[in-house]
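The primary structure of each chain is shown beneath.
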Amino acid sequence: MKTIIYYQVSYRVIDGDTIELENGDIVRYIGINTPETDEFYGDIATSKNSDLVLNKTLRLEKDVSETDKYGRLLRYVYVGDIFVNAYYNPGLDQVYYSMEPVSGK
């Protein structure tokens, strides 16, 4: 069973698949791998993620792993009815990849 937690992202978007919550926790989206900010399309992925989640109330769902090997929380993320982990923006199919689960172990 998934655990549901609510947070507001008020601090920052790190890149296209990682955010920092107002309480300082770093969250990595499960099943998403976007380019890093210094890679091709990385700035677009970061900007789209920012447009989607920054300063919005999020619903976070935990799956089998609590954290990844870097200590980031692994979560399914929702903004209202939008499932961020599976978000697809036409023309950016090279930016958002999905949906293999990410295991921290």
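Summarised in this report is the structure supplied together with it. What you see is a predicted model, and the numbers here were worked out from it, not measured in a lab. (Residues numbered from 1 in each chain as written. Predicted model: local features only at pLDDT ≥ 70, side-chain atom pairs only at ≥ 80, totals over all residues. Heavy atoms only, no water.)

**Let's talk about the overall build of the chain**
Summing up its helical and strand segments, the chain has one helix and seven strands in all. Each helix and strand of the chain, ordered N terminal to C terminal, gives the series β-β-β-β-α-β-β-β. For the chain, the residues scored as buried account for 41% of the 105 residues in total. In the chain, 56% of the contacts between residues at least 6 apart in sequence involve partners at least 24 apart. (Helix = DSSP H or I, 4+ residues; strand = E, 2+ residues; numbered from the N terminus. Buried < 20%, exposed > 50% of the residue type's maximum accessible area, 1.4 Å probe, protein only. Contact = heavy atoms within 4.5 Å.)

**Some thoughts on the side chain of Glu-61**
Along the chain, the position of Glu-61 falls in strand E5 (residues 57–67). Looking at Glu-61, the relative accessible area reads 8%, which means it is buried. A polar atom in the side chain of Glu-61 sits 3.3 Å from the side chain of Arg-59. (Polar contact = N/O pair within 3.5 Å; in protein donor to acceptor, adjacent residues only side chain to side chain.)

**What about the environment of Ile-44?**
Looking at where Ile-44 falls in the secondary structure, it is placed in helix H1 (residues 42–53). The exposure class assigned to Ile-44 is partly exposed, which follows from its relative accessible area of 30%. Along the sequence, Ile-44 and Gly-16 sit 28 residues apart, while their C-alpha atoms lie 7.9 Å from each other.

**What to know about the nonpolar core**
It is characteristic of soluble globular proteins that their nonpolar side chains tend to be buried jointly. If you look at the biggest cluster of nonpolar residues, it comprises 14 residues, and the most contacted ones within it are Ile-19, Val-27, Tyr-29, Val-53, Leu-58, Val-77 and Val-84. Elements with a minimum of two residues in this core: strand E4 (26–29), H1, E5 and strand E6 (73–79). With three residues, the top contributor of residues to this core is E6. When residues no more than four places from it in sequence are discounted, the contact partners of Tyr-29 are Gly-16, Asp-17, Ile-19, Asn-49, Val-53, Arg-75, Val-77, Val-84 and Asn-85. (Core = buried A, V, L, I, M, F, W, Y, C linked by side-chain atoms within 4.5 Å.)

**Thoughts on the pairing of E5**
Pairing between strand E1 (residues 4–8) and E5: five bridges, direction antiparallel. By the bridge assignment for E5, Ile-4 is matched with Glu-61. As judged from the five bridges shared by E5 and E6, these two strands associate in the antiparallel manner. If you follow Arg-59 over to E6, its bridge partner there is Tyr-78. Here E5 hands over to E6 after five residues, with Gly-71 in that stretch at a positive phi of 85 degrees. (Pairing = 2+ DSSP bridges.)

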